[in-house]
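Each chain, letter by letter, is given below.
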Amino acid sequence: MRTPIQVALVGCGKAKLAHPAPARELYTGPLFRAHLAEAEATTSHVYVVSALHGLLSLDAQVEPYDFTFRGKARDYSSVWGRLVLESLTRLYPAGAVDVLVYAGRSYAEPLHEALAESSLAGWTVVEPLMGAGQGTRLRILCEAQRVRAAARAPLRLSALEVEQTPGRRLYLFAVDGKQVPAFATVSRVRRRAGVLEGYQRPEVLSHVAAIQAYMESATALVPNAVVFAFDSRVHFEPLPEDTGGARHGHLIIPRAAGPDAPDAPGFIVDGQQRLAAVRDAAVKSFPLACTGFITDDVGQQAEQFILVNSTKPLPKGLIHELLPSTHGALPAALERKRLPAQLVARLNLDEGSSLKGLLITQTCPAAKGKTGKGHTAVIKDTSMMQALEDSLSDGVLFDMERAGEGVDAMVARVSLWWAAVASTWPDAWARQPKESRLSHGAGVRAMSQLMDAACQFLAQEGNASPTQRDFEGELSLVADACAWTSGEWAFPSGARRWKDVQNTPKEVAQLATHLAALYRARRAAKPNRRARKAGAA
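Residues numbered from 1 in each chain as written. Predicted model: local features only at pLDDT ≥ 70, side-chain atom pairs only at ≥ 80, totals over all residues. Heavy atoms only, no water.

1. Quick notes on the pairing of strand S3 (residues 45-50)
So the rule is basically this: Burial classes: relative accessible area under 20% of the type maximum marks a residue as buried, over 50% as exposed, and values in between as partly exposed (1.4 Å probe, protein chains only). Per the convention used, a helix needs a DSSP run of H or I reaching at least four residues, while a strand needs a run of E reaching at least two, with both numbered from the N terminus. Being paired, for any two strands, means DSSP has found at least two bridges between them.
For S3, the buried fraction is high: 5 of the 6 residues fall into the buried class. Relative to S3, strand S1 (residues 5-11) runs parallel, the two sharing 5 bridges. Looking at the pairing, valine 10 lines up with valine 48 of S3. Note that S3 and strand S4 (residues 54-57) share 4 bridges and pair antiparallel. Note that in S4 the partner of valine 49 across the bridge is leucine 55. The hairpin turn running from S3 into S4, its antiparallel successor, is 3 residues long.

Structure, rendered in structure tokens:
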């Protein structure tokens, strides 16, 4: 359904000029002027309705006259209403129309009646100030005009000016992120007639949604400054005192005609995703730290965009290593990784952990060469993180978390499992991935999924706290079928050389499915251990 067109009708007034003039100028009364200002500020289609002339365009030349509805028969106003409505239908023959009447009841009532008698679908007659007397209308309209004027006034923000190199000044300030669309837009990258324009890429919606959720949390803190490039319409007014090296003052920023309007004096150099998140966030306001510079040179704007965004982002491994030390709310994507990151840290650092020193992190470098040069780490932390995330999503760690068992219990369970893995395949253990697929991402994730299956079977037998020896017994069922360092994997789809298995979702799934199927088949053929012990007794 099409959005209705809004058409404003402003009732004429008794006070008029003494000579012919356009309809917008002929009527001089304060209520007419206030009605007209409101209609033009809020509606694109505006007309005057005259008791004598009916519908008038704002530029129609009109002679002064003295005529009102007062004393006229009811039939006159009824005919007048139908004629005005007919004039509108000729101007707007298709679609729905909302007729907004800025006038008294003597004008509005005939239009209501005419519409009720017509067969027009989707048309309405609305009185925005219905029931308000002249004095009340003037007060309401004056306040609305004051608010609009304030919204159009330039922003005046407290700022600090820093001259970094001769003639190159930087401005530091803060502003509510909800106000940014009033003065800044995105210089969207595109090609027009083969020429590259702009420099900003499209919003990444998933990233925006994650930031938005974080900003809506009670403890959100966004210290990164948004960077703006302003054109020369923006200027700085320093305060009189000399602060030595930096000047305090006010940054004066004109407002644009509307959000993302081409007349915006500011362009977003860095922080597009953050600003989009603030825009959509269910918060009243969200002040942001900002920096800006003033230039009319689009090349300088693009240059700063490249410099800001070419900096290498933090390595994922460093982020994961820092996560366990955080306590406040984080974006959802990082929040999901906090517990697995904590487990990885404990498994890699705890004395007695079977994985101590074997996980590659920023502070535990990978072993190089035959001797390792003093380093022992051979398993990528991201591979172990993914394995733990899988188990926390739908495996034994999920069951343990749901049962309220803490991090200590989870670390102990995983450590026992990998101790059993190490004792089952000692020649393949703690070797670099190119030498052993047991240290490779595919092997790590497949063996973690096998841990989930083994724990499930043992729990069904009443063994909810398996020992390393219990795990070794489960692993013995598939030990002879594993080609970690040589030979071939006997996949149902065909044989595969040991070193050809790669850490891709498809091949991880193939290896994990193969080991799980083999384990379940061999276990099903093996008598229930608990039942056998009971029979022996």
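2. Brief notes about the sheet that holds S3
Heads up, the condition is: For every element, the axis is a line fit to its C-alpha atoms; helices are fit only across the contacting stretch, and the angle between N-to-C directions ranges from 0 to 180 degrees.
The 5 strands lie next to each other as S4-S3-S1-S6-S7, forming an open sheet whose pairing is mixed. Single-partner strands in this sheet number two, and they are S4 and strand S7 (124-126). Geometrically, the sheet is characterised by an average inter-axis angle of 30° between neighbouring strands, direction not taken into account. For S1 and strand S6 (residues 97-102), the ladder comprises 6 bridges, and the chain directions are parallel. Residue pairing across strands places valine 7 opposite valine 99, the latter belonging to S6.

3. Some details on the pattern of salt bridges
Here is the rule we go by: Whenever Lys or Arg places a side-chain nitrogen within 4 Å of a carboxyl oxygen from Asp or Glu, that contact is recorded as a salt bridge.
The tally for this structure, following the rule as stated, stands at 27 salt bridges. For the salt bridge of arginine 233 with aspartate 231, the shortest nitrogen-to-oxygen distance reads 2.7 Å. For arginine 233, a relative accessible area of 40% translates into the label partly exposed. Two residues, aspartate 399 and arginine 402, come together in a salt bridge whose shortest N-O distance is 3.4 Å. On the criterion of helical spacing, the pair formed by aspartate 399 and arginine 402 is a turn pair, its members being 3 residues apart in helix H12 (residues 396-402).

4. Concerning the packing of helix H2 (residues 30-42) against helix H5 (residues 134-152)
For clarity, the cut-off: Angle categories are assigned with fixed cut-offs, so that under 35 degrees is roughly parallel, over 145 is roughly antiparallel, 65 to 115 is roughly perpendicular, and the rest are oblique. Handedness of a crossing is defined here by the sense of rotation of the near helix relative to the far one, left-handed for an anticlockwise turn of less than a right angle and right-handed for a clockwise turn. What makes two residues a contact is simply this: any of their non-hydrogen atoms within 4.5 Å. Charged means Asp, Glu, Lys or Arg here, nonpolar means Ala, Val, Leu, Ile, Met, Phe, Trp, Tyr, Cys or Pro, and polar covers whatever is left, Gly included.
Relative orientation of the contacting elements H2 and H5 amounts to 40°, with a least axis distance of 10 Å. One finds that H2 runs oblique with respect to H5. At the point where H2 passes H5, the crossing takes the left-handed sense. In this structure, H2 uses Pro30, Leu31, Ala34, His35, Ala37, Glu38, Ala41 and Thr42 to contact H5, whose residues at the interface are Gln134, Arg137, Leu138, Leu141, Ala144 and Arg148. A breakdown of the residues in the contact of H2 with H5 according to their chemical character gives 8 nonpolar, 3 polar and 3 charged.

5. Here's the deal with the environment of proline 4
By the element assignment, proline 4 lies in the segment before S1. When the C-alpha positions of proline 4 and tryptophan 123 are compared, they lie 8.0 Å apart, and in sequence the two are 119 residues distant. For proline 4, the residues in contact, after removing those within four places along its chain, are Ala96, Val97 and Asp98.

6. Focus on the nonpolar core
Rules: Residues grouped as a nonpolar core are buried Ala, Val, Leu, Ile, Met, Phe, Trp, Tyr and Cys residues, joined through side-chain atoms within 4.5 Å.
Formed by 61 residues in total, the largest nonpolar core has its most connected members in Trp417, Trp418, Met447, Trp484 and Trp489. Put simply, the parts of the chain that give this core at least two residues each are helix H10 (332-349), helix H11 (381-394), H12, helix H13 (407-424), helix H14 (441-460), helix H15 (468-475), strand S20 (488-491) and helix H16 (505-524). Of the residues forming this core, the biggest block, 10 residues, is contributed by H14. Not counting residues within four places of it along the chain, the set of residues in contact with methionine 447 comprises Trp417, Trp418, Val421, Trp425, Leu438, Leu475, Trp484 and Leu515. Ranked by size, the runner-up nonpolar core spans 45 residues in total, among them Ala51, Tyr65, Trp123 and Val125.

7. Some words on the environment of proline 492
Tracing the sequence through the fold places proline 492 in the loop between S20 and strand S21 (494-497). Here the alpha-carbon distance between proline 492 and glutamine 510, two residues 18 residues apart in the chain, equals 9.6 Å.

8. A closer look at the packing of aromatic side chains
For clarity, the threshold we go by: Note on ring pairs: Phe, Tyr and Trp rings are taken, using the six-membered ring of Trp, and paired if centres are within 6.5 Å. Classes follow the plane angle, with under 30 degrees stacked, over 60 edge-to-face and the rest tilted.
Counted by the stated rule, this structure contains 19 aromatic pairs. Ring plane angle 80° and centroid distance 6.4 Å describe the contact between tyrosine 27 and tyrosine 65, whose orientation is recorded as edge-to-face. Residue tyrosine 27 is located in the loop between helix H1 (23-26) and H2, and its partner tyrosine 65 is located in the loop between strand S5 (61-62) and helix H3 (74-91); the two are separated by 38 residues in the primary sequence. In this structure tyrosine 27 comes out as buried when scored by relative accessible area, which is 0%. Given a relative accessible area of 12%, tyrosine 65 falls into the buried group.

9. Some points on the sheet that holds strand S14 (residues 235-238)
Strand order in the open sheet formed by 8 strands is S10-S16-S13-S17-S9-S8-S15-S14, and the pairing between neighbours is mixed. One side of each edge strand has no neighbouring strand; the edge strands of this open sheet are strand S10 (184-185) and S14. Relative to strand S16 (residues 266-270), strand S13 (residues 226-230) runs antiparallel, the two being bridged by 4 bridges. Within S16, the residue paired with alanine 229 across the bridge is phenylalanine 267. Along the sheet, helix H7 (residues 272-280) contacts S13, S16 and strand S17 (287-294); its crossing angle with S16, the most-contacted strand, is approximately 115°.

10. Focus: the environment of leucine 511
Its location among the elements puts leucine 511 in helix H16. Along the backbone, leucine 511 and methionine 447 are 64 residues apart, and their C-alpha atoms lie at a distance of 9.1 Å.

11. Remarks on H10
The condition is simple: Multiply 1.5 Å by the residue count of a helix minus one, and that product is the helix's expected span. To obtain the bend at a residue, axes are fitted to the seven residues ending there and to the seven starting there, and the angle between these axes is taken.
With 18 residues, H10 should reach 26 Å at 1.5 Å per residue; the first-to-last C-alpha distance of 26 Å fits that figure. Of all the bends in H10, the largest measures some 35° and sits at arginine 338, one to four residues before the proline proline 340. If you check which residues of H10 are buried, you get Arg338, Leu339, Pro340, Ala341, Leu343, Val344, Leu347 and Asn348. Buried positions along H10 lie against helix H9 (316-322), strand S18 (359-360), H11, H12 and H13.

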